[in-house]
Amino acid sequence: MPVTLITGQNEYGLRQMATKLGLSTWQVRLAREHGLLPEPDIAGRRWSAALAAESDGRTERIRAAFGDEPPVGGLKAALRLAVRVALDVERADIEILVARGDLTVIGRFQEHPIYLLRDLDALHPQTVADVVNARKGPLADTVDARGAATILDWPLALFNRVAAERDLPSDQLGRYALADVRAIAADESLAERGREEQQRLALERARKAESRSEDILRGWLLRCTAYLDRALDDPPDSAAPGRALRSLEAARDLIARPA
């Protein structure tokens, strides 16, 4: 009986296509959205081997279009700008920057607009300040505790502790002078304290994610065994372990990083 040798893939899903092109899945998604890759020709979800082969030469063009850093949503965009320009930037300010034509929505994720980091970093600080100050009006020179924590990229509890330790003055609205918050940002010893606190919290979150993912995978294995033994009529969800494994891998990678 003749043997047929399989020499390659016949079709490519999102992850396989990204691997083939040497890109991340988010880059492939954006490339599709902007017409830099053809739409999948198999059930609207997978690319045939022939179509994937035609796309081989597009990697550098896609990387040049979107860079190598994943885009972010409005909240993370605001935080990135807040830290860079030392102002309490909010998501509403990001939307105003888009409406003014200063910032481009590069795509959407779960129906929410997303932005390239390099586009955010290219914004002139004064452009951002104009938008924030217009929103805040007479409050432009002050920030509340949450705004201060945003500027410092600290947990709110840490800012409140430091404000109490330093007896930081506040006005009758409980707001702090922007200049005082910027002075804290410029204090390297306090900046290091903030980084250590962020690392501690990130490690705490990673350990919780690791434990949660392990529980999901153990439960899935038990359901697999039960299905094999005919104790369950339906097989367990095949997508759940993939998500749990990716979460577990990311959590363990963060936990293993040197402090």
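Residues numbered from 1 in each chain as written. Predicted model: local features only at pLDDT ≥ 70, side-chain atom pairs only at ≥ 80, totals over all residues. Heavy atoms only, no water.

A.B. asks: Explain the pattern of salt bridges here, please?
C.D. replies: Opposite charge on two side chains permits them to pair, given that their charged atoms come into close proximity. Inspection of the entire model under this criterion finds 23 salt bridges. Its salt-bridge partner being E197, residue R161 comes within 3.8 Å of it at the nearest N-O pair. Separated by 36 residues along the polypeptide, R161 in helix 10 (residues 156–165) and E197 in helix 12 (residues 188–228) bring together distant segments of the chain. For the salt bridge of K208 with E204, the shortest nitrogen-to-oxygen distance reads 4.0 Å. Here K208 and its partner E204 are both found in helix 12, four residues apart, which amounts to about one turn of the helix. Taking the relative accessible area as the measure of exposure, K208 reaches 52% and is therefore exposed. Since its relative accessible area comes to 36%, E204 is described here as partly exposed. One connected set of salt bridges, linked through shared partners, spans R161, E197, R200, E204 and K208. (Salt bridge = Lys/Arg side-chain N within 4 Å of Asp/Glu carboxyl O. Helix = DSSP H or I, 4+ residues; strand = E, 2+ residues; numbered from the N terminus. Buried < 20%, exposed > 50% of the residue type's maximum accessible area, 1.4 Å probe, protein only.)

A.B. asks: Whenever I open this one, the environment of R252 confuses me. Can you help?
C.D. replies: Turning to its location among the elements, R252 is positioned in helix 13 (residues 239–256). Distance from R252 to A206, taken between C-alpha atoms, is 7.3 Å for residues 46 residues apart in sequence. Filtering out sequence-adjacent residues up to four positions away, R252 remains in contact with E210 and E214. (Contact = heavy atoms within 4.5 Å.)

A.B. asks: Just to check I follow, could you spell out the packing of aromatic side chains for this structure?
C.D. replies: For any pair of aromatic rings, the description rests on two quantities: the centre-to-centre distance and the angle between the ring planes. For the structure shown, the criterion picks out one aromatic pair. Centre to centre, the rings of F159 and Y176 are 5.2 Å apart; their planes meet at 85°, and the pair counts as edge-to-face. Placement of the pair is F159 in helix 10 and Y176 in strand 6 (residues 176–177), with a sequence separation of 17 residues. Here F159 and Y176 have matching classes, each one buried. (Phe/Tyr/Trp six-rings, centres within 6.5 Å; stacked < 30°, edge-to-face > 60°.)

A.B. asks: Got a minute to help me understand the confidence of the model for the chain in this structure?
C.D. replies: For residues with low pLDDT, the predicted coordinates do not support detailed interpretation. For the chain, mean pLDDT is 91; residues scoring 70 or higher make up 97% of the total. In this model residues 1–7 is a low-confidence stretch, pLDDT under 50, and it forms zero contacts with partners more than four residues away in sequence or in other chains. (pLDDT = per-residue confidence, 0-100.)

A.B. asks: What exactly am I supposed to notice about the environment of L190 here?
C.D. replies: For L190, the location among the structural elements is in helix 12. The class of L190 is buried, set by a relative accessible area of 7%. Spatially, the C-alpha atom of L190 lies 8.6 Å from that of V162, the residues being 28 residues apart in sequence.

A.B. asks: It is not clear to me how helix 2 (residues 25–33) should be interpreted in this structure. Could you clarify?
C.D. replies: Think of an α-helix as 3.6 residues a turn; residues three or four steps apart then line up on the same face. Along helix 2, the positions that sit buried rather than exposed are T25, W26, Q27, V28, L30 and A31. Among the structural elements, helix 1 (14–21), strand 2 (47–48), helix 4 (59–66), strand 3 (107–109) and strand 4 (112–114) are those in contact with the buried residues of helix 2. Looking at the residues trailing helix 2, positive phi occurs at G35, about 75°.

A.B. asks: When you look at helix 8 (residues 125–136) in this model, what are you seeing that I'm missing?
C.D. replies: Along its 12 residues, helix 8 runs 16 Å from first to last C-alpha, staying within 8% of the 16 Å computed at 1.5 Å per residue. The complete set of buried residues in helix 8 reads V128, A129, V131, V132 and K136. Considered in projection along helix 8, the buried side chains sweep an arc of 165° and stay on one side of the axis. Packed against the buried residues of helix 8 are helix 5 (74–85), helix 6 (91–100) and strand 5 (142–143). Positioned one or two residues after helix 8, G137 has a phi angle of 60°, which is positive. (Expected span 1.5 Å × (residues − 1). Arc of directions from axis to C-beta.)

A.B. asks: Can you help me understand the nonpolar core in this one?
C.D. replies: Across soluble globular proteins, nonpolar side chains show a tendency to be buried alongside one another. If you look at the biggest cluster of nonpolar residues, it comprises 37 residues, and the most contacted ones within it are L81, V89, I94, L120, W154, F159 and I184. Excluding its chain neighbours within four sequence positions, the residues that come into contact with I184 are L152, W154, F159, V162, L168 and L190. Ranked by size, the runner-up nonpolar core spans 19 residues in total, among them A18, L21, V28 and L30. (Core = buried A, V, L, I, M, F, W, Y, C linked by side-chain atoms within 4.5 Å.)

A.B. asks: I keep staring at unusual backbone geometry and nothing clicks. Help me out?
C.D. replies: Residues apart from glycine generally show negative phi values, whereas peptide bonds are mostly found in trans. Residues other than glycine seldom take positive phi values, yet A86 does so here, at roughly 55°. Following the sequence through the fold, A86 ends up in the loop between helix 5 and helix 6. The backbone of D153 sits at a positive phi, close to 60°, despite the residue not being glycine. You can see D153 is positioned in the loop between helix 9 (145–152) and helix 10.

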